[in-house]
Amino acid sequence: MTRNKLTPGVFLKHVVLMFMSLSALFPIYFMVITSFKTKEEYVYNKFNLPHSFSFESYSQVFSGGNFIKWFANSMLLTFSSVIVVAAIASLAAYAFARLRFRNKDILLNFIIALMVVPPVVMVIPLFNFLVDMGLINTMYGVVIIYVGLLLPFSIFLLTSFFKSIPTSIIEAAYLDGCSTLQILFRIIIPLSMPAFVTLTIVNVLWAWNELMIAVIFLQDDSLKTLMVGLTAFQSRYNLNIPVTMAGLLITTMTVLVLYIFGQRYFIKGMTAGSVKG
Amino acid sequence: MARVVLRNVVKNFGDVRIVKNVNLEIEDKEFLVLVGPSGCGKSTTLRMVAGLEDLTSGEIIIGDRIVNDVHPKDRGIAMVFQNYALYPHMDVYENMAFGLKLAKMPKAEIDKRINEVAETLGITELLKRKPKELSGGQRQRVAVGRAIVREPDVLLMDEPLSNLDAKLRVQMRTELIKLHNRLKNTIIYVTHDQTEAMTMGTRIVVMKDGVIQQVAAPQEIYDKPVNVFVAGFIGSPTMNFINCRVISDDGKITLDAGSFRLPAPAERFTLLEKHINKEVLMGIRPENIHVGENAAQTYGDSRVEALVEVVEQLGSEVLLYLKADRYSLTVRAQAGTRAATEESIPVFINMNKIHIFETETETALF
Ligand SMILES: Nc1ncnc2c1ncn2[C@@H]1O[C@H](COP(=O)(O)OP(=O)(O)OP(=O)(O)O)[C@@H](O)[C@H]1O
Ligand SMILES: [Mg+2]
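As the structure is a prediction and not an experimental result, all values here were calculated from the model. (Residues numbered from 1 in each chain as written. Chains lettered and ligands numbered in written order. Predicted model: local features only at pLDDT ≥ 70, side-chain atom pairs only at ≥ 80, totals over all residues. Heavy atoms only, no water.)

Focus on the overall build of chain A
Okay, so step 1: Within chain A, the regular secondary structure consists of 13 helices and 0 strands.
Okay, so step 2: Seen in sequence order, chain A has helices and strands lined up from the N terminus as α-α-α-α-α-α-α-α-α-α-α-α-α.
Okay, so step 3: Looking at chain A as a whole, 41% of its 277 residues are labelled buried.
Okay, so step 4: Intrachain contacts of chain A at a sequence separation of at least 6 include 72% that bridge at least 24 residues.
Okay, so step 5: Counting only carbon and sulfur atoms, one obtains 71% of the accessible surface of chain A, whose full area is about 15,600 Å². (Helix = DSSP H or I, 4+ residues; strand = E, 2+ residues; numbered from the N terminus. Buried < 20%, exposed > 50% of the residue type's maximum accessible area, 1.4 Å probe, protein only. Contact = heavy atoms within 4.5 Å. Areas by Shrake-Rupley, 256 points an atom, 1.4 Å probe, with all protein chains shown as cover.)

What follows is the structure in structure tokens.
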């Protein structure tokens with residue numbers, strides 16, 4: 001390692017980077033310290049570490065049962081959407097990447113183009129659609145919408161990953177006696193774990209944090225998601241910032257834990273060594 | 001064990017005809033090498049036998065069945081790919097077991113077979129390794145192992161050695177020959193390397209632009225190429241070619257190359273008589289052009305003056321690259337032969353070893 005000389009340019013770069021990291025980390029810092037303060041302490045001590053270190057906010061979050069209910073709803077909604085998306089997207093991507101059929105490229109480009117449509121323009125048509133289907137105010141309805149919104153990117157990502165798997169590996173499996181579906185399940189999917197982990201993380205984050213559709217389509221109190229609930233939290237406990245922060249921290253931690261577990265799969269190189277070095 | 005027959009096999013990709021009416025009979029236990037320049041349709045032909053490509057027309061017979069509509073797994077074949085195509089997420093054992101498991105073979109039998117094959121190929125210590133933890137040569141062995149563990153009647157190999165370095169390639173070449181001697185299955189082996197073809201094949205098929213040029217044993221292909229393409233493709237360094245006019249004088253036949261004339265061998269007169277006063281192409285292999293005192297005595301009347309351009313000392317022999325008139329000549333001379341570049345030296349052609357090709361059709365008269 002050679003040490004960089006501290007020229008004014010390098011110095012400036014570091015200052016800018018440090019400033020950016022701090023401003024990104026500050027909300028988290030604020031969330032953590034505030035959640036351990038009492039409501040009273042927060043009044044006079046906004047930005048310093050808590051003196052009392054109280055868990056009161058946390059017990060308040062969990063009391064009443066609503067938070068747990070919302071948490072469960074979010075879990076259910078997120079994971080069922082993500083699983084359905086993974087199932088449909090892997091079948092579709094397999095077809096796009098490996099099978100031959102008419103107008104394949106046109107269809108794929110069309111699906112990819114759907115990524116740019118902002119969900120907000122679809123709210124009214126979707127609302128009418130769900131009303132007609134009798135799915136308004138149901139988990140099913142929202143899962144269908146989430147799946148629809150997540151599919152284009154998921155298909156796009158998996159298709160490009162599946163295409164990168166050497167054809168000869170798939171041909172070898174075919175000669176070994178694999179059926180089309182066995183090739184998908186025993187060769188392509190195991191080789192695409194990094195792609196699936198990436199995709200799952202991206203999709204979970206999106207679904208977990210999604211607010212607009214959940215607000216509009218899940219108005220029944222018992223169906224609220226964590227995000228919707230926390231927004232309500234804020235207005236109901238308007239003056240109790242520590243409780244809101246505790247709720248937010250739990251929400252954030254959930255996806256953070258998932259991300260950290262998934263991260264080791266981000267390391268690529270699963271296919272390295274299968275074909276010529 | 002099985003023989004393989006290709007009957008009027010044609011393959012089009014879109015509008016382009018890649019394989020043009022191939023007819024081929026491969027005997028049981030034969031080591032057949034399919035050789036030809038890049039893009040001539042060797043892989044395509046092999047892949048049709050494997051069942052990875054459909055035929056546009058014609059039929060392929062393995063054993064005594066037409067296999068056009070038979071699934072690859074039921075054809076009794078196995079294939080070794082150029083890039084090995086090992087399953088990256090499985091260790092060596094699982095790679096070899098995969099096909100057998102799919103065929104629902106009992107575990108004990110799978111285990112027995114894999115251990116035997118691993119023993120044969122010297123890869124027993126590698127069974128628990130993943131492909132990425134293997135060297136190129138080891139991967140190659142595993143790829144061969146995965147193919148032969150299925151005990152195929154016909155083993156298909158598409159340039160299996162081309163990703164190895166030169167030394168390893170020579171070593172694997174002899175190992176594959178030994179393996180074939182032991183297993184005695186039919187092998188169809190694709191390569192664009194004529195040395196591999198010469199050393200490994202019991203018979204060689206030379207292909208060009210989707211058409212079979214010649215099918216014969218290595219020595220026969222070398223000694224009696226049927227056309228200019230085969231003559232030039234097989235043999236290294238390649239055959240020398242000289243344009244000549246056939247001239248009859250005094251009951252003898254001479255080949256006139258412009259600035260020098262060469263006497264045709266007497267036993268070829270009858271074949272050449274039909275071509276008197278016509279242009280032909282003469283071919284002569286580098287080892288049949290000689291230099292030095294002894295050569296002057298033996299082949300004195302087929303002397304050509306040539307300018308030395310490059311001298312390659314290979315240790316066991318010397319390659320001389322010469323220019324005679326407008327022709328480039330390569331001469332394979334004995335070790336110890338001395339020649340200086342830019343020097344003009346006499347070379348002597350062993351006229352009993354020449355080949356003559358018709359100019360228009362490029363087919364061999366002899
Ligand atoms: N799937 C395909 N679609 C269209 N053309 C193809 C396809 N596969 C091969 N070809 C063409 O067919 C011709 C023969 O290909 P093939 O792979 O059989 O050549 P080869 O003799 O094996 O050459 P090499 O020594 O380079 O491997 C080439 O011109 C190639 O471009
Ligand atoms: Mg090829």
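What to know about the interface of chain B and chain A
Okay, so step 1: The interface is formed by 27 residues belonging to chain B together with 24 residues belonging to chain A.
Okay, so step 2: At the boundary of chain B with chain A, total buried surface from both sides reaches about 2,300 Å², with 62% on carbon and sulfur atoms.
Okay, so step 3: Taken as a group, Pro88, His89 and Leu102 of chain B account for 24% of the area that chain B buries against chain A, more than any other trio of residues on that side.
Okay, so step 4: The interface formed by chain B and chain A contains 2 salt bridges.
Okay, so step 5: Put simply, Asp176 of chain A and Arg150 of chain B hold a salt bridge, and the shortest N to O gap is 3.5 Å.
Okay, so step 6: Linking chain B to chain A there are 7 residue pairs in polar contact (both at pLDDT 80 or more).
Okay, so step 7: Elements with a minimum of two residues in the side of chain B that touches chain A: α1 (42–50), β6 (77–80), α2 (92–102) and α4 (136–148) of chain B.
Okay, so step 8: When the residues that make up the side of chain B that touches chain A are grouped by side-chain class, the tally is 15 nonpolar, 6 polar and 6 charged. (Buried area = accessible area lost by both parts, 1.4 Å probe. Salt bridge = Lys/Arg side-chain N within 4 Å of Asp/Glu carboxyl O. Polar contact = N/O pair within 3.5 Å; in protein donor to acceptor, adjacent residues only side chain to side chain. Nonpolar A, V, L, I, M, F, W, Y, C, P; charged D, E, K, R; others polar.)

Description of the site of ligand 1
Residues and elements named next belong to chain B.
Okay, so step 1: Near ligand 1 the following residues occur: Phe13, Ile18, Ser38, Gly39, Cys40, Gly41, Lys42, Ser43, Thr44, Glu159 and His192.
Okay, so step 2: Taking Gly41, its main chain carries an N or O atom lying 3.0 Å from an oxygen atom of ligand 1.
Okay, so step 3: A distance of 3.2 Å is found between an oxygen atom of ligand 1 and a side-chain nitrogen or oxygen belonging to Glu159.
Okay, so step 4: A total of 630 Å² of accessible area belongs to ligand 1 in isolation, and the protein chains cover 58% of it.
Okay, so step 5: Looking at which element gives the most residues to the shell around ligand 1, the answer is α1, with 3 residues.
Okay, so step 6: The class makeup of the residues in the shell around ligand 1 is 3 nonpolar, 6 polar and 2 charged. (Near = heavy atom within 4 Å.)

Focus: the environment of Ala339 of chain B
Residue and element names in this part refer to chain B.
Okay, so step 1: Secondary-structure assignment places Ala339 in the loop between β18 (327–334) and β19 (344–349).
Okay, so step 2: Expressed as a C-alpha distance, the spacing of Ala339 and Leu320, which sit 19 residues apart in the sequence, is 8.2 Å.
Okay, so step 3: Sequence-distant contacts of Ala339, that is, excluding residues within four places in its chain, are made with Val308, Val311 and Leu320.

Digging into the layout of surface pockets
Okay, so step 1: Considering only enclosed or pocket space, the largest pocket measures out at about 690 Å³ in volume.
Okay, so step 2: Lining of the largest pocket is provided by 20 residues; of these, Arg98, Arg100, Glu171 and Tyr174 of chain A together with Leu52 of chain B occupy positions nearest its centre.
Okay, so step 3: Breaking the lining of the largest pocket down by element, the ones donating at least two residues are α4 (66–98), α8 (167–175) and α9 (180–191) of chain A.
Okay, so step 4: Considering only residue class, the lining of the largest pocket consists of 8 nonpolar, 4 polar and 8 charged. (1 Å grid on protein atoms, 1.4 Å probe; cavity = no way out; pocket = protein on both sides within 12 Å on 5 of 7 lines; lining within 4 Å. Points joined across faces, edges and corners; volume = space filled by probe spheres on them.)

A look at the packing of aromatic side chains
Okay, so step 1: Summed over the entire model, instances satisfying the criterion amount to 21 aromatic pairs over all chains.
Okay, so step 2: Between the aromatic rings of Phe96 of chain A and Phe101 of chain A, the centroid separation amounts to 6.0 Å while the plane-to-plane angle is 50 degrees, which identifies the pairing as tilted.
Okay, so step 3: These aromatic residues form a ring-pair network of at least three members: Phe26, Tyr29, Phe30, Tyr42 and Phe47 of chain A.
Okay, so step 4: Geometry around Tyr87 of chain B places Arg146 of chain B over its ring, the cationic atom sitting 4.6 Å from the centre. (Phe/Tyr/Trp six-rings, centres within 6.5 Å; stacked < 30°, edge-to-face > 60°. Lys NZ or Arg CZ within 6 Å of the ring centre and 35° of its normal.)

Notes on the pairing of strand β12 (residues 252–256) of chain B
Residues and elements named next belong to chain B.
Okay, so step 1: Counting buried residues along β12, 4 of its 5 residues qualify, which places the element largely inside the surrounding structure.
Okay, so step 2: Relative to β12, strand β11 (residues 240–249) runs antiparallel, the two being bridged by 5 bridges. When the bridges of β12 are listed, Asp249 appears paired with Lys252.
Okay, so step 3: Both β12 and strand β13 (residues 261–263) contribute to a ladder of 3 bridges, which runs antiparallel. Counterpart to Asp256 in the pairing with β13 is Arg261.
Okay, so step 4: In textbook terms, the turn of a hairpin is the stretch between consecutive antiparallel strands, and for β12 and β13 this stretch comprises 4 residues, one of which, Gly258, has a positive phi near 100 degrees. (Pairing = 2+ DSSP bridges.)

As for the nonpolar core
Okay, so step 1: With 82 residues, the main nonpolar core has Phe162 of chain A together with Leu6, Ile60, Ile62, Leu156 and Ile188 of chain B as its most contacted residues.
Okay, so step 2: Per-element tally for this core: the top contributor is helix α7 (residues 139–163) of chain A, with 12 residues.
Okay, so step 3: In this structure Ile188 of chain B touches Val4, Ile26, Leu32, Leu46, Val49, Val154, Leu155, Leu156 and Met157 of chain B, once residues within four positions along its chain are discounted.
Okay, so step 4: Judged by nonpolar contacts, the second largest core, of 48 residues, contains Phe31, Leu121, Tyr189 and Val206 of chain B. (Core = buried A, V, L, I, M, F, W, Y, C linked by side-chain atoms within 4.5 Å.)

Details of the sheet that holds strand β7 (residues 154–158) of chain B
Residues and elements named next belong to chain B.
Okay, so step 1: Judged by pairing direction, the sheet is mixed, and its 6 strands sit side by side in the order β6-β7-β8-β3-β9-β10 without closing on themselves. This sheet does not close on itself; its edge strands, each paired only once, are β6 and β10 (211–216). The average angle at which neighbouring strand axes cross in this sheet is 20 degrees, direction not considered.
Okay, so step 2: Across 4 bridges, β6 lies against β7 in parallel orientation. By the bridge assignment, Val80 is partnered in β7 with Met157. (Axes fitted to C-alpha atoms, helices over the stretch in contact; angles between N-to-C directions.)

A few points about a nonpolar patch on the surface
All names here are of chain A.
Okay, so step 1: Among the surface-exposed residues, Met253, Leu256, Val257, Tyr259, Ile260 and Phe261 lie close enough to one another that they form a single nonpolar patch of about 580 Å² accessible area.
Okay, so step 2: One can find Leu256 in helix α13 (residues 241–266).
Okay, so step 3: Of the residues examined, Leu256 reaches a relative accessible area of 40% and is grouped as partly exposed. (Patch = residues over 30% accessible without salt bridge, like charges linked within 9 Å, V, L, I, M, F, W, Y side chains within 5 Å.)

A few points about the pattern of salt bridges
Okay, so step 1: Under the defined criterion, the tally for this structure stands at 19 salt bridges over all chains.
Okay, so step 2: Where Arg113 of chain B meets Glu151 of chain B, a salt bridge forms, and the shortest distance between an N and an O atom there is 3.5 Å. With Arg113 of chain B in helix α3 (residues 107–121) and Glu151 of chain B in the loop between α4 and β7, this pair connects stretches of sequence that are 38 residues apart.
Okay, so step 3: Among the residues examined, Arg113 of chain B registers a relative accessible area of 13% and is labelled buried.
Okay, so step 4: In this structure, the salt-bridge partner of Glu287 of chain B is Arg332 of chain B, at a minimum N-O distance of 3.6 Å. Of this pair, Glu287 of chain B sits in the loop between β14 (279–284) and β15 (289–290) while Arg332 of chain B sits in strand β18, and the two are 45 residues apart along the sequence.
Okay, so step 5: You can call Glu287 of chain B partly exposed: its relative accessible area is 23%.
Okay, so step 6: Arg332 of chain B gets classed as partly exposed once you look at its relative accessible area, which sits at 25%.
Okay, so step 7: Salt bridges linked by common partners bring Glu171 of chain A together with Lys11, Arg47 and Glu53 of chain B together as one network.

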